Amino acid sequence: MRRITRLAAVATMLPLALAGCGSGGDSGGDAASTEKTEISYWLWDSNQLPAYQACADAFHAANPDITVKISQFGWADYWTSLTTNLVSGNAPDVFTNHLNYYPEFAAKRQILPLDDFIKADGVKTDAYAPGLADLWVSNDGKRYGLPKDFDTVAIFYNKKMLADAGISEDEMKKLTWNPTDGGTYEKVIAKLTIDENGKRGDEPGFDKSKVKVYGLGLDENNGAGVGQQMWSMYALSTGWQFTDKNPWGTRFRYDDPRFQQTIAWWRGLIEKGYMPSLAIARSGTSVNDGFGAGKYALSTNGSWMINSYYGYDGVEVGTAPTPVGPSGKRATIYNGLADSIYAGTEHKDQAWQWVKYLASADCQKKVAEKAVVFPAIPEALTIAEEKFAAKGIDISAFTVQIHEKTTSLYPITDHASDISAIMGPAMDAVLSFEADPSSLSKANDEVNALFQ
Amino acid sequence: MSAITERQHGASAPRRDTSVPRRRRRAGDLPVALVFLLPAAVGFGVFYLWPTLRTMYLSFTDYSLLAPPEWVGAENYRRLFQDPLFWNSLRVTVEYVVINIGVQTVVALGLAVLMHRLTRSGLIRGVLLLPYLVANVVVALIWYTMLDAQLGIVNRALEWVGLDPVAFFGETATAIPTIALVNVWRHMGYTALLIFAGLQAIPRTVYEAAATDGASEPTMFRRITLPLLRPTLVLVLVLTVIGSFQIFDTVAVTTKGGPVNATRVIYYYIYELAFQRFDFGYAAAICVALFAILAGLALMQLKMLRAGDTDLD
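Attention here is on the structure that accompanies the text. Within any chain, residue numbers begin from 1 and follow the written order of that chain's sequence. All chains are assigned letters beginning at A, and all ligands numbers beginning at 1, according to the order in which they are written. Restriction of local features to residues with pLDDT of at least 70 applies here, the model being predicted, together with a cutoff of 80 or more for giving and counting side-chain atom pairs; totals for whole chains, interfaces and linings are based on all residues. Only hydrogens and water are set aside when side-chain values are computed; all heavy atoms of the structure are taken into account.

## Description of the packing of aromatic side chains
All names here are of chain A. We count it as follows: Aromatic rings from Phe, Tyr and Trp, with only the six-membered ring used for Trp, were paired whenever their centres fell within 6.5 Å, and each pair was classed as stacked if the ring planes differed by under 30 degrees, edge-to-face if by over 60, and tilted otherwise. A run of H or I in DSSP counts as a helix once it spans at least four residues, and a run of E counts as a strand once it spans at least two, with each numbered from the N terminus. Only protein chains enter the accessibility calculation, which uses a 1.4 Å probe; a residue is then buried when its area is under 20% of its type maximum, exposed when over 50%, and partly exposed in between.
Inspection of every chain in the model, using the stated rule, returns 57 aromatic pairs over all chains. Centre to centre, the rings of Trp75 and Tyr101 are 6.2 Å apart; their planes meet at 80 degrees, and the pair counts as edge-to-face. Remark: Tyr101 occurs in the loop between β3 (94-97) and α4 (102-107) and Trp75 occurs in helix α3 (residues 75-87); sequence separation between them is 26 residues. The class of Tyr101 is partly exposed, set by a relative accessible area of 22%. Relative to Phe105, the ring of Phe95 has its centre 6.1 Å away and its plane inclined at 90 degrees; by these criteria the two rings are edge-to-face. Here Phe95 is found in strand β3, whereas its partner Phe105 is found in helix α4, with ten residues between them in sequence.

## Some remarks on the pattern of salt bridges
It is possible for side chains bearing opposite charge to pair when their charged atoms get close. Rule in force here: Any carboxyl oxygen of Asp or Glu within 4 Å of a side-chain nitrogen of Lys or Arg constitutes a salt bridge here.
Evaluated as defined, the whole model comprises 19 salt bridges over all chains. The salt bridge partner of Glu379 of chain A is Lys365 of chain A, with a shortest N-O separation of 3.2 Å. Separated by 14 residues along the polypeptide, Glu379 of chain A in helix α16 (residues 378-390) and Lys365 of chain A in helix α15 (residues 361-369) bring together distant segments of the chain. Take Glu379 of chain A: its relative accessible area is 45%, and that puts it in the partly exposed class. Residue class for Lys365 of chain A comes out partly exposed when judged on its relative accessible area of 30%. Between Glu159 of chain B and Arg156 of chain B there is a salt bridge, with its nearest N and O atoms 3.3 Å apart. Of this pair, Glu159 of chain B and Arg156 of chain B both sit in helix α7 (residues 153-160), separated by three residues, roughly a single helical turn. For Arg156 of chain B, a relative accessible area of 44% gives the class partly exposed.

## Concerning the interface of chain A and chain B
Keep this limit in mind: Contacts are assigned to residue pairs that have any heavy atoms within 4.5 Å of one another. The term buried area refers to how much accessible surface (probe radius 1.4 Å) is lost by two components on association, counted for both of them together. In the analysis that follows, any N or O atom pair within 3.5 Å is treated as a polar contact, provided that within protein one partner can donate a hydrogen and the other can accept it, and provided that, for residues neighboring in sequence, both atoms belong to side chains. Polar here means any residue other than Ala, Val, Leu, Ile, Met, Phe, Trp, Tyr, Cys and Pro, which are nonpolar, and Asp, Glu, Lys and Arg, which are charged; Gly is therefore polar.
Taken residue by residue, the interface counts 40 residues in chain A and 39 residues in chain B. Roughly 3,400 Å² is buried in total at the junction of chain A and chain B, and carbon and sulfur atoms are behind 66% of that figure. Between chain A and chain B we count two salt bridges in total. For Asp164 of chain B, the salt bridge is made with Lys210 of chain A, and the minimal N-O distance between the two is 3.5 Å. There are twelve residue pairs in polar contact (both at pLDDT 80 or more) connecting chain A and chain B. Where the side of chain A that touches chain B is concerned, the elements lending two or more residues are α1 (2-34), α3, α4, α11 (278-281), α12 (287-292) and α18 (416-431) of chain A. Residue contributions to the side of chain A that touches chain B peak at seven residues, all from α1 of chain A. Per-class residue counts for the side of chain A that touches chain B are 18 nonpolar, ten polar and twelve charged.

## With respect to the nonpolar core
Heads up, the rule is: Among buried residues, the Ala, Val, Leu, Ile, Met, Phe, Trp, Tyr and Cys ones that are joined through side-chain atoms within 4.5 Å form a nonpolar core. Delimitation of the domains relies on an automatic or database domain assignment.
If you look at the biggest cluster of nonpolar residues, it comprises 194 residues, and the most contacted ones within it are Met172, Tyr185, Trp231, Tyr254, Trp266, Leu298 and Trp354 of chain A. Broken down by element, this core gets its largest block of residues, eleven residues, from helix α13 (residues 280-304) of chain B. Each of domain 1 (36-149 + 337-388) and domain 2 (153-335 + 393-449) of chain A gives at least three residues to this core. Setting aside anything within four residues of it in sequence, one finds Met172 of chain A in contact with Ile155, Tyr157, Leu162, Ile167, Val188, Leu298, Ala320 and Pro321 of chain A. Core analysis: the next-biggest nonpolar cluster, separate from the first, contains 19 residues, Met220, Leu228, Leu233 and Val236 of chain B among them.

## Focus: the state of the cysteines
All names here are of chain A. Using the following cut-off: Pairs of cysteine sulfur atoms within 2.5 Å are what we label disulfides.
Scanning all chains against the criterion turns up one disulfide over all chains. Between the sulfur atoms of Cys55 and its disulfide mate Cys363 the distance is 2.2 Å. On the sign convention where negative means left-handed, the S-S torsion of about 100 degrees between Cys55 and Cys363 marks this disulfide as right-handed. Of the two residues, Cys55 is situated in helix α2 (residues 49-62) and Cys363 in helix α15; the sequence distance between them amounts to 308 residues. As far as the burial class goes, Cys55 and Cys363 line up, both buried.

This is the structure:
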């Protein structure tokens, strides 16, 4: 019976599949006969879609022969769809790329080096915020993307909870941290934690088993070996670095005592009742929704989340830069996106025109107008700053680290997905107290074995 | 059921029409039969047979999706036996199947018997089927939100009656049972309907005779319903066990294999290996291992539970 229904299902699907082929062939023919080209372009952030649609419209107006068709997929589907489409040879002509993924695509020759185009058109790669453009030069010395935006990490805080605890917003800007006692940062977190009897985390009689508001939220995502908005800003502020060199390091340093002490301090917040357990964080709601619902007073997150955090009704939100660590400096990961051209595209030149436009001041200013991300070109960033300010959002907590040069590059290495598969469960085990922070040395050996 | 009617037709046709030689008749039907079978056969070949064969081939290769496969012999299978994550995923999946199928079968059987003995209302049957009509992913996400430790409505209710909140999806110990029970909720109506169809095939006269003899409802259930329902139950079990082993979507949209490896079920592990880590060859080897396990399990079930026989004769 099962086989019969299966066959029937397949039989009914078959004409559909054939119909699909038919229509695909037709549209291809049309495009060729009228000499107009359609460039397909993919991105994952729905917040950014209107901004880039505005760019696509302006681009089409300037180049009437080229139409850009934008498709948007959620973050998780994006990479699966992209991979399967690369395999089947149907990948989009141009797509938004991430530092975690592009080394693999470059090594497998799925994306085009842009050097010849850049040379021919005299595009300046120093037009972007310092360091951003070089992230996209792979270890073969070739450039695979032009920067469009960047992101950093900061602390979001609930203004009312801060005022109730008697902590000023100025104090938030001067926080210090160390892995031993957590510095003034931990004192603030403790004070902002409240149990069901109204006792604060730093008061005697605080009941850590019945916490009403946690001082610091815990991200529902597994930060794996990067911990971008989870723990990287603490670990990096000790002077620790992910790898022997960045980009293209070949030895990771998860066995470094500074890293393991940082993680020990971080999970210690759970024991003290200042941060929810991993189980609670993973039980159904995102850390930003928890913050919006008044369950967390502070939450560390990336600049790409600004509009989510500021979007909750009845919650007054402020931002502060990450605390100054034992190295005497703050720290944050500095990450940027870029657009890459699919190696199998039939419209190389048109695709390049579009990539060039996306990376231009013209398009980035249009994106800046929408105040959704930080554009890579400084003059566009100034516009974004004004537009964010007009919405009541001060982004200086995110940009101060660029001015003070305290940012660290996102760790760019080979084997990123394998590293994440090793470090994800390993970090989970530590955070859920199933393993000791010292167990990360073993995970580190596994990671480093990938490079041998 | 369609198989039964076909068999009856096949058996009665020659008896009625003895003048036509059997062989000629068959030859006459064959071309038409082939035409009708062709679309399905092509579909089966393209979507089932070819992928299966290709998976078997790829399981002997090192294949990163973006470069041509390289033959590595039995290397992937050797790795499989030494991979603690593979054995973990198998253990986690079996735990899921046992809870899911165990609870689902008992609940569905209960619902089916209630529908059969107490009410014939089409409305109730429809309502029971409702969860099954909602997409898996939607069901998973709604339960995920409802069961949240801090904001979920279920935990608010628990607090209201004085209990401590439970991080159902977040705790290593409760994650798999939670996912299993969420899927019981979605599938129980459908399974109950399958069993209900089997119940309707049991002649009413048997129950009437038993009632005349003074048998109670529980006795009738044990002595009549269960034995006569056996072939249906076997079919339902084989189908639901195979389906249950393929648990993926609920995990993919909620726990994503975590915390630690608590919900890294076998299909999710395969997906991660193939599409996130581009280790298609090894993922294919696990697929083949899973195929062998499921085929063995289905055969064993059918054999042990004598699915082809009925006790009605």
